[in-house]
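Close look at the chain arrangement
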Amino acid sequence: MEKKQTAPVGFRGGPGPMGGMRGGGTPQKPKNFKKTMKKIFSYLRPFWGRLALVAISAVISTIFAIASPKVLGNMTTEIVNAYIKSQMLGIALDINFTNIANIGFWLIGLYVVSALFSYLQSWLMTTITQKVTYQFRHQISEKIARLPLRYFDRHENGEIVSHVTNDVETISQNLNQSMTQIITSVIMIVGILGMMISISWQLTIIALMVLPTSMVLITIIVKRSQRYYDRQQAALGEIDGHIDEMFSNHAIVKTFNGEQRSINKFNLINNKLYNSGWKSQFLSGLMMPIMTFISNLGYVGVAVVGGWLAINGKITIGDIQAFIQYMNQFTQPISQTANIANVLQATAAAAERVFAFLDQAEEEPETNTVAAPKLIRGEVVLEDVSFGYDSNQPIIKHFSTHIKPKQSVAIVGPTGAGKTTIVNLLMRFYDIDSGSIKIDGIDTSTMKRNDVRQMFGMVLQDTWLFQGTIAENIAYGKSNATRKEIIAAAKAAHADHFIKTLPDGYDTIISETADIISAGEKQLLTIARAILADSPMLILDEATSSVDTRTEALIQSAMDKLSHGRTSFVIAHRLSTIRNADVILVMREGNIVEQGTHIELLAKKGYYAELYNSQFNQV
Amino acid sequence: MKNLAKYFKPYTVWLIGLIILVWGQAYTNLTLPDYMSKIVNVIITSKSSKDIAPIWNNGLQMLLLTLFGGLCAMAIGFVAAKISTGYVRKLREAIFIKIERFSLNEFNSYSSSSLITRATNDMQQIQTVIAMLLRMAFLAPFMGVGSIIKAHQLSPSMSWIVYAAIGALVALIIMLFFVVIPKFTIIQKLVDKLSLQTREMLTGVRVIRAYNNDDRQQAKFNQTNLESTRLNIFVNRVMMLMQPAMTLIMGLASMAVVWYGAYMIKSHNLQVGNLLALMQYVMQTIMAFLMISIVFIMVPRAAVSLRRVSEILGTEPSISDPISPVHLAKEIRGTVEFHDVDFGYKGSKQQVLSHISFTAEPGQTTAIIGGTGSGKSTVLNLIPRLYDVTGGSITIDGIDVQQINQAELRQHIGYVPQKASLFSGTVGTNIGYGKPKASDKDLSKAASIAQASEFINGLPKKLDNPIAQAGNNVSGGQKQRLSIARALAKQPEIYLFDDSFSALDFKTDAALRKALNKELSKATFIVVAQRISTIMQAEKIIVLDDGKIVGIGNHHDLIRTSKVYKEIAESQLSAVELGED
């Protein structure tokens, strides 16, 4: 009568062994278990009333569940006693059906109440854990908005996404499972043990002898199978990696005649996977039969010894029946408690990752800010600016420049020279280490970050569009824009034409990953977005290789239109842009090494001149 | 899905063995309760405490039976592990070899990410389900039917309890199935949406902040979060019904056995000892039906994976070697000729290339320029037969490429793709990928022409420096240079560069072109480019527009004769550099 454990919702077992008796692989260990658990409980504090109800329900349902086999045993005893009586006295069998019905109604009551409270407890607990899950996700998303860019530039996006999905999921599922299990398992173990002893201490000894034997055997098997399981996981990782690599580069494999080599390597790993796989599966699969075998041994022992006791009149048949039921129920809470430590460890490890993220230093709070001027002329002055992504490794050192309103600034330099650093500083994505950046005479570090950012329109090469319609994307900087304004902006950005060819025109849904529009067209949309936002200053990133030549021409024309009459900073690749710029900032290895106009810089015969000549002088 | 069954054939004997073992296990489980009732009958009929011998006797038999059952179960585990992993090994191998033979046509129609999933996740899914099925699919019916028969034998008039319990159980499962399963898909979608929106917040962090739109993103995420919370609460509440309801059903069923059994005993239709056995059979039947329902949940999942795998095995590569191939000379000249070539992707009506004819001569650079979608890359892909032409022909030194074995043809071609991709290994294995037997000297030479020597020598272990998967530990420009070196190390006669220089800065680009001209004066170069400056010196420039050739000539001719070329050039260079004045 073993209770079948239902898998928690959404649980996805890994490709692990089938035994199901362990957490799969080596559980991740949290660094500070106590502290993390304390923190998790602080999230549960608002629900303490309901948690108390959960605990009470769990206690009631478990106690009633423990009582029922004994009561059912009484029913059997009632029958058996009547039978024995009739045998001994040689009279007709006379079963007292009123007694049986009485016991029966009691039993139905026990079963129903136990089931009701068990469900009540799950109902409450699932609500609590889901609300905590919501809370975690909500806090993470808010945290994303408050973290400095420095954090994002140093961490993989996938890592943060997995906090939102996997880590939070692990916490909620494990909480749901372990919180109630801790209560029910302890009561079950104590309660069942008590009932067993009260029935017969002799039988209890037999039943308990079974436990250490299976524990020892299981530990031996787990140790063995762990080795093969780890090997299997390693081989699995290897084979997935190989498949991924080969299929992602199929054209290369083909043109370099690498198919046979690839297949050979594959077969090698595949055999490794097979050899460790079947052993791992077999060994971990041994667990169930061995457990069953040992519990059957206990069953035989109880049957024999119980029989002997019964003949001697020391135990009733109903009690033997109840005892067997208890014995069957006993293994579950024990394996649960054995597993709970692992579950809690995994919970704490996941929670620790989430908390570590939530505890990251945020952008410095803004106090005593100066209001930004209403009308911005667009004068940008950098005075003695020093900056480094690592504070002890400055890359821009004591740089000063003066950009007059409506001037255009070209930022040039080879790939990887750190041209986006200027963008990061102007937009205050990063704060400078020393010196000042002044817009119309006001130090940007004294303004609100949002105010500074509002002054710039930005078109990056790494175009970002969100999942939504084209119209929504264009209106991203001006959410109250009318359809007319949106179309006007699209027209100005030369995007209207291609938008109209899309299935739903301006209402076509695009997403980050959607392939329905090309990279160049995406850039046109971001230009339209900047046109509509109508900021007094601009930051532009000219298109390079991912865009075809004709679209590039369109982008160029749109950018020219956009930057007309505005102070603009252009990460430039086109010679004409560079040559027409009022100021050229030449970057090399993160630092700004030269500044001036095209003519001035050529005359200087420095790094710029070298760059220029290597590109356009005849080879 | 017939093509999947044949991989089971080597395991026929194993399968028969498995069924025998499962029968043994089921026999044990079904017979054990009999002994229990015998013991009980001994107890209640015994007149004195000396009648202990039959109990010992029964106990010993039970012990042996338990041992037999345990051994059967372990052997089942062994056989199931052997079959499931062995079958999947064969299947995985078959599918991998099949996919390696696919041409780009098949890769396009399936997409490489789908092929990867099929060879990895689907395989794992299949293995898990087969292992589970082998343990359950035979045992559950044996146990279910066996228990019902046994219960019927003990007391035919009490079978209704078994049926009622099964009925309740099945009703419960079906209800859950219909209420909850459709919601699972929605939950999965919401999880995807949550991660997508998080990713959006992260990739767009600069734009979001630039436009001060944090609140809007938050609101959007919050809505999805709420939606997901609500649905999860609902689904969990329904799912949580399962356990209390199951316990209730089992409790009531065992109670019914005893209660109703009392009446049966009274009317002498049941022996007292059989009461306990009957209870066991009811439980075993319920367990068996639970197992069956798990099988029913698992099978459709595996069926999806199986169908996806079967689809692959049923697909034949569209490009294969000729039956009687023509062999190329050991060293070829390398003249590549397109004769009125047409091309369209499989299943697409649109023509990507039409009436393309040109000759690329050895010792010369033939450049191809044109807008996106004009078919530039496709022209290159046709030469090593990554795709086959749909009209016309391509010849190398006068021999149709379709008459040459693919491997032989490709030996003479060095291909550098637009997106440089490297393999895990070392710098050396990557450069030598097309020529595994190349000496270090050859590799260094190739690296030096590709302008990669400087950075390779800066690496701690130089040529032996490890390259991570997808080349993630080197920069884009370095990857591109290694990818070029890889083509050079092969020492082919024909080089195909698909816009391979754009990841390089202008300086490296220029130095590389200079080195290529100097070192490989006899080779045929076919170059797709975006930058006019890269191809200005080419002997022949082909201007493509919408899959058609709209101009052939050198820079100076085209600037006068081709409107498309002029347009492109003007957007990139000034009049002085165009040499117009």
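Residues numbered from 1 in each chain as written. Chains lettered and ligands numbered in written order. Predicted model: local features only at pLDDT ≥ 70, side-chain atom pairs only at ≥ 80, totals over all residues.

Let's shift gears to the overall build of chain B. Looking only at helices and strands, chain B has 23 helices and 12 strands in total. By the compact-globule yardstick of 25 Å for 581 residues, chain B is too spread out, its C-alpha radius of gyration being 36 Å. Burial statistics for chain B: of 581 residues in total, 48% are counted as buried. For chain B, the share of sequence-separated contacts (at least 6 apart) that also reach a separation of at least 24 residues comes to 78%. (Helix = DSSP H or I, 4+ residues; strand = E, 2+ residues; numbered from the N terminus. Rg over C-alpha atoms; globule rule 2.2 N^0.38 Å. Buried ≥ 20, exposed ≤ 12 C-beta atoms within 10 Å, placed from the backbone. Contact = placed C-beta atoms within 7 Å.)

Residue and element names in this part refer to chain B. Sheet architecture is open: four strands sit in the order β2-β1-β4-β5, paired in antiparallel fashion. Looking along the sheet, the strands with just one partner apiece sit at the ends: β2 (353-360) and β5 (399-400). With two bridges connecting them, strand β4 (residues 391-396) and β5 associate as antiparallel partners. Residue pairing for β5: isoleucine 396 is matched across the bridge by isoleucine 399. (Pairing = 2+ DSSP bridges.)

All names here are of chain B. With five of five residues buried, strand β10 (residues 524-528) lies mostly within the body of the structure. Where burial is concerned, the two faces of β10 agree: the one with Thr524, Ile526 and Val528 and the one with Phe525 and Val527 are both buried. Looking at chain direction, strand β3 (residues 365-370) and β10 are connected through four bridges and run parallel. The residue bridging isoleucine 368 from the neighbouring strand is valine 528, located in β10. When strand β9 (residues 494-498) meets β10, the two strands line up parallel, connected through five bridges. Considered in β10, the bridge of leucine 496 is made with isoleucine 526.

Of the residues lining the interface, 129 residues belong to chain A; the matching set on chain B comes to 137 residues. When the residues that make up the side of chain A that touches chain B are grouped by side-chain class, the tally is 63 nonpolar, 50 polar and 16 charged. (Nonpolar A, V, L, I, M, F, W, Y, C, P; charged D, E, K, R; others polar.)

Before going further, it helps to spend a moment on the sheet that holds strand β4 (residues 434-439) of chain A. Residues and elements named next belong to chain A. The sheet built from four strands is open, its strands ordered β2-β1-β4-β5 with antiparallel pairing. Of all strands in the sheet, those bounded by a partner on one side alone are β2 (396-403) and β5 (442-443). Relative to β2, strand β1 (residues 380-387) runs antiparallel, the two sharing five bridges. Bridge pairing in β2 links valine 385 to phenylalanine 399.

As a further point, take the nonpolar core. Formed by 148 residues in total, the largest nonpolar core has its most connected members in Val302 and Phe323 of chain A together with Ala165, Ile249, Val257, Leu278 and Val282 of chain B. In terms of residues, this core owes the most to one element, helix α8 (residues 259-311) of chain A, which gives 21 residues. Beyond its immediate chain neighbours, meaning those up to four positions away, leucine 278 of chain B contacts Ala151, Leu154, Ser155, Met158, Val257 and Gly261 of chain B. One finds Val343, Val380 and Phe569 of chain A together with Phe221 of chain B within the second-largest nonpolar core, a separate group that totals 103 residues. (Core = buried A, V, L, I, M, F, W, Y, C linked by C-beta atoms within 7 Å.)

Below, the discussion takes up the domain arrangement of chain B. Interface extent is often summarised as the accessible area lost during association of the parts. Residues and elements named next belong to chain B. Splitting chain B by domain gives domain 1 (1-154 + 290-317), domain 2 (156-269) and domain 3 (336-578). Taking the mean C-alpha position of each, domain 1 and domain 2 sit 26 Å from one another. Of the residues lining the interface, four residues belong to domain 1; the matching set on domain 2 comes to five residues. Per-element accounting of the side of domain 1 that touches domain 2 gives the leading share, three residues, to helix α7 (residues 139-154). Its residues placed into classes, the side of domain 1 that touches domain 2 shows two nonpolar, two polar and no charged. (Domains from an automatic or database assignment.)

All names here are of chain B. Mapped onto the fold, glutamine 127 is located in helix α6 (residues 121-136). In this structure glutamine 127 comes out as buried when scored by C-beta crowding, with 24 C-beta atoms within 10 Å. Taking C-alpha positions, glutamine 127 is 38 Å from aspartate 464, a pair spaced 337 residues apart along the chain. Setting aside residues no more than four positions away along its own chain, glutamine 127 makes contact with Ser84, Thr85 and Val88.

Tracing the chain through its elements places isoleucine 294 of chain A in helix α8. Setting aside residues no more than four positions away along its own chain, isoleucine 294 of chain A makes contact with Val210, Thr213 and Ser214 of chain A.

A separate point is the packing of helix α3 (residues 97-146) of chain A against helix α5 (residues 157-199) of chain A. Describing two packed helices takes the angle between their axes plus the distance from one axis to the other. Residues and elements named next belong to chain A. Two numbers describe how α3 lies on α5: the axes approach to 9 Å, and their chain directions differ by 155°. By the angle class used here, α3 and α5 are roughly antiparallel. Classified by chirality, the crossing of α5 by α3 is right-handed. Contacts from Gln121, Met125, Thr126, Thr129, Gln130, Val132, Thr133, Phe136, Arg137 and Ile140 of α3 reach α5 at His163, Val164, Val168, Ile171, Ser172, Leu175, Asn176, Met179 and Thr180. (Axes fitted to C-alpha atoms, helices over the stretch in contact; angles between N-to-C directions. Parallel < 35°, antiparallel > 145°, perpendicular 65-115°, else oblique. Left-handed = near helix turned anticlockwise from the far one by under 90°.)

Right, let's get into the domain arrangement of chain A. Domain parsing of chain A yields domain 1 (33-358) and domain 2 (407-426 + 452-616). Computed from C-alpha atoms alone, the centre-to-centre distance between domain 1 of chain A and domain 2 of chain A is 57 Å.

Let us now look at unusual backbone geometry. Most peptide bonds take the trans configuration, and most residues that are not glycine carry a negative phi. All names here are of chain A. Even without a glycine there, the phi angle at histidine 398 is positive, about 45°. Mapped onto the elements, histidine 398 comes out in strand β2. Its 11 C-beta neighbours within 10 Å are what place histidine 398 among the exposed residues. Positive phi values are uncommon outside glycine, yet aspartate 440 reaches one of about 50°. With respect to the helices, strands and loops of the structure, aspartate 440 is situated in the loop between β4 and β5. Judged by local crowding, aspartate 440 falls into the partly exposed class, with 16 C-beta atoms found within 10 Å.

Taken over all residues, the pLDDT of chain B has a mean of 85, while the share at 70 or more is 95%. Both scores are available for the predicted complex, with the pTM at 0.76 and the ipTM at 0.83. (pLDDT = per-residue confidence, 0-100.)

All names here are of chain A. Of all the residues in helix α13 (residues 483-492), the buried ones are Ile486, Ala489 and Ala490. All buried residues of α13 lie within an arc of 100° about the axis, which places them on one face of the element. Those residues of α13 that are buried are in contact with α12 (470-474), α14 (496-501) and α15 (519-533). (Arc of directions from axis to C-beta.)

Our next topic: the pairing of β4 of chain A. All names here are of chain A. Two elements, β1 and β4, share five bridges in a ladder whose sense is antiparallel. Paired with serine 386 across the bridge in β4 is serine 434. When β4 meets β5, the two strands line up antiparallel, connected through two bridges. Residue pairing in the sheet places lysine 438 in a bridge with aspartate 443 of β5.

Next up on the list: the environment of glutamine 217 of chain B. Residues and elements named next belong to chain B. Mapped onto the fold, glutamine 217 is located in helix α10 (residues 214-239). With 20 C-beta atoms counted inside 10 Å, the residue glutamine 217 sits in the buried group. Between the C-alpha atom of glutamine 217 and that of threonine 198, which follows or precedes it by 19 residues, the distance is 9.2 Å. If sequence neighbours within four positions are ignored, glutamine 217 has contacts with Met201 and Ile208.

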